[in-house]
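Letter by letter, the chains look like this.
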Amino acid sequence: MFDVQKVRAQFPILSQTVNGKPLVYFDNGATTQKPEVVIDAIAQYYTEFNANIHRGVHTLSQLATDAYEQARNTIQNHLNAKYNHEIIFTSGTTAGINLVANGFAKFVKEGDEVMVSALEHHSNIVPWQFLCEKTGAKLVVIPMNEQGELRMDKFEKLLSSKTKIVAVNHISNALGTINPIKQIIDKAHKVGAAVLIDGAQATPHLRPDVQELDCDFYVFSGHKVCGPTGVGILYGKENWLNALPPYQGGGEMIKEVTFEKTTYAELPHKFEAGTPNIEAGIVLGTAIDYLNGIGFDNIAKYEQELLDYATRKLLEIDGLKIYGTSENKASVISFNIEGIHPYDIGTIIDKLGVAVRTGHHCAQPIMQYFDIPGTIRASFAFYNTREEIDIFVEAVKKAQMMLT
Ligand SMILES: *Cc1c(COP(=O)(O)O)cnc(C)c1O
């Protein structure tokens, strides 16, 4: 049984007050809070076995290396990757996408096409624009509809033998739409295109199976799955990772260095130049174990209840419009109230202890589509409650009264 009060007790920050009010943290789309096991694991690393990894024969270095590699195995199991060397530690989603987009210059030439969607985070747009500028390839965009869903009919028409890679998110951070990625992957593969899935917003809510999806790359960030900042994961199929050139040069990624020629280390080290964020890598394993302990079925079911409840309550407010109304949605609600700037609402409800995000959510093309400056975004995690939603809705009503 899922007991939210028990869960909340594991998150020290949730019992804080902000501006004299109990904290209501609804900015989980930007980053999640950390449970005690994660906070303790960070302290334990520095207290008991801090040392550089893969480099020393001494005991602490062995312990740190073992813990780091254990975390890699945890993540391999979590994603159901075939090999543990398909799991590359990065500094986050952004870094993972840049690694792939940079390396793809090897496979893309003038006249080729690189496809993203209208729903992407800037992290999954700009690195592909760099690639297109460098190679002369064309950036093609899968359009969306009024509900904030991808136009699959248009997608099929846009695909061709020119398409080299399709990069789409699993769940939109700005609207919450869950995209039909299995369909996208299968259709893209039919024309010989590779597929990268930006899983930054999906991994907090569900457990992806990369073999079942058959995606070529899947990326996510530690800090959005109750883990530390500064760490993320790039999953890539072995053959793609072998084919891609190294991203950064330095220590750890080499086999042999001479001034004439350097040979590269085997996977995964080929893509892990320099000393990584060791503590964060280890603790990402702890965070993933923690979430699996709660269970993604429990998380999804509970968050869906929160989403339905909050949607119903918010729609009782006059002049309130929700952006992103797909049937398939994660626990993210983007909205505006007629005649009021989103920033003003965010500022007032912060005074009442409620943390939400306001603005364009690093997805300006979506705001351009709806012709709005931004939205107010409430994003729920499994540690949020209905009572918090009541406080939030009352706070929004109060802000509306003050501003009109
Ligand atoms: C947060 C987010 C990113 C960027 O993640 P970083 O941790 O900032 O690198 C990319 N895509 C989506 C969908 C996100 O939600």
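Residues numbered from 1 in each chain as written. Predicted model: local features only at pLDDT ≥ 70, side-chain atom pairs only at ≥ 80, totals over all residues. Heavy atoms only, no water.

**Comments concerning the overall build of the protein**
Now for step 1: A tally of regular secondary structure across the protein gives 14 helices and 17 strands.
Now for step 2: For the C-alpha atoms alone, the extent of the protein along its principal axes is close to 70 × 55 × 35 Å.
Now for step 3: Residues classed as buried in the protein amount to 55% of the 404 residues present.
Now for step 4: For the protein, the share of sequence-separated contacts (at least 6 apart) that also reach a separation of at least 24 residues comes to 71%.
Now for step 5: In the structure as shown, the protein presents an accessible area of about 17200 Å², 51% of it carried by carbon and sulfur atoms.
Now for step 6: Positive and negative side-chain charges in the protein, numbering 36 and 46 respectively, have mean positions lying 4 Å apart. (Helix = DSSP H or I, 4+ residues; strand = E, 2+ residues; numbered from the N terminus. Buried < 20%, exposed > 50% of the residue type's maximum accessible area, 1.4 Å probe, protein only. Contact = heavy atoms within 4.5 Å. Areas by Shrake-Rupley, 256 points an atom, 1.4 Å probe, with all protein chains shown as cover. Lys, Arg positive; Asp, Glu negative; His and termini not counted. Charge placed at Lys NZ, Arg CZ, Asp CG, Glu CD.)

**Observations regarding the nonpolar core**
Now for step 1: Ranked by internal contacts, the top residues of the largest apolar core, which has 102 residues, are Val166, Phe382 and Phe392.
Now for step 2: Residues lining this core come from more than one domain, with at least three contributed by each of domain 1 (4–30 + 295–403) and domain 2 (39–293).
Now for step 3: Among residues more than four places away in sequence, those in contact with Val166 are Met115, Ile142, Phe155, Leu159, Ile184, Ala188, Ala193, Ala194, Val195 and Leu196. (Core = buried A, V, L, I, M, F, W, Y, C linked by side-chain atoms within 4.5 Å. Domains from an automatic or database assignment.)

**Observations concerning the site of the ligand**
Now for step 1: In the vicinity of the ligand, the contacting residues are Thr93, Thr94, His121, Ser123, Asn173, Asp198, Ala200, Gln201, Ser221, His223 and Lys224.
Now for step 2: A distance of 2.5 Å separates an oxygen atom of the ligand from a polar side-chain atom of Gln201.
Now for step 3: Side-chain polar atom of Ser221 to an oxygen atom of the ligand: 2.6 Å apart, as the coordinates give it.
Now for step 4: Relative to its unbound accessible area of 380 Å², the ligand is 86% covered by the protein chains.
Now for step 5: Within the shell around the ligand, the residues separate by chemical class into 1 nonpolar, 8 polar and 2 charged. (Near = heavy atom within 4 Å. Polar contact = N/O pair within 3.5 Å; in protein donor to acceptor, adjacent residues only side chain to side chain. Nonpolar A, V, L, I, M, F, W, Y, C, P; charged D, E, K, R; others polar.)

**Comments concerning the packing of helix H2 (residues 36–48) against helix H10 (residues 278–294)**
Now for step 1: Two elements in contact, H2 and H10, have axes separated by 9 Å at closest approach and are oriented at 150°. Here H2 is positioned roughly antiparallel relative to H10, judged by the angle of their axes. Judged by the sense of rotation from one axis to the other, the crossing of H2 with H10 is right-handed. Here Val37, Val38, Ala41, Ile42, Tyr45 and Tyr46 of H2 come into contact with H10, specifically with Ile278, Glu279, Ile282, Val283, Thr286, Ala287 and Tyr290.
Now for step 2: In terms of residue class, the contact of H2 with H10 is built from 11 nonpolar, 1 polar and 1 charged. (Axes fitted to C-alpha atoms, helices over the stretch in contact; angles between N-to-C directions. Parallel < 35°, antiparallel > 145°, perpendicular 65-115°, else oblique. Left-handed = near helix turned anticlockwise from the far one by under 90°.)

**Observations concerning the side chain of Asp198**
Now for step 1: Of note, Asp198 is situated in strand E8 (residues 194–198).
Now for step 2: Although buried, Asp198 forms no salt bridge, and the nearest oppositely charged side chain, Lys224, lies 7.0 Å from it.
Now for step 3: Asp198 has contacts with Thr93, Ile97, His121, Asn124, Val168, Asn169, His170 and Val219, leaving out every residue within four places of it along the chain. (Salt bridge = Lys/Arg side-chain N within 4 Å of Asp/Glu carboxyl O.)

**Some words on the environment of Ile299**
Now for step 1: Following the sequence through the fold, Ile299 ends up in helix H11 (residues 296–314).
Now for step 2: Of the residues examined, Ile299 reaches a relative accessible area of 0% and is grouped as buried.
Now for step 3: Residues Ile299 and Leu206, spaced 93 residues apart in sequence, show a C-alpha to C-alpha distance of 7.9 Å.
Now for step 4: The contact partners of Ile299, leaving out residues within four places of it in the chain, are Pro204, His205, Leu291, Ile294 and Phe382.

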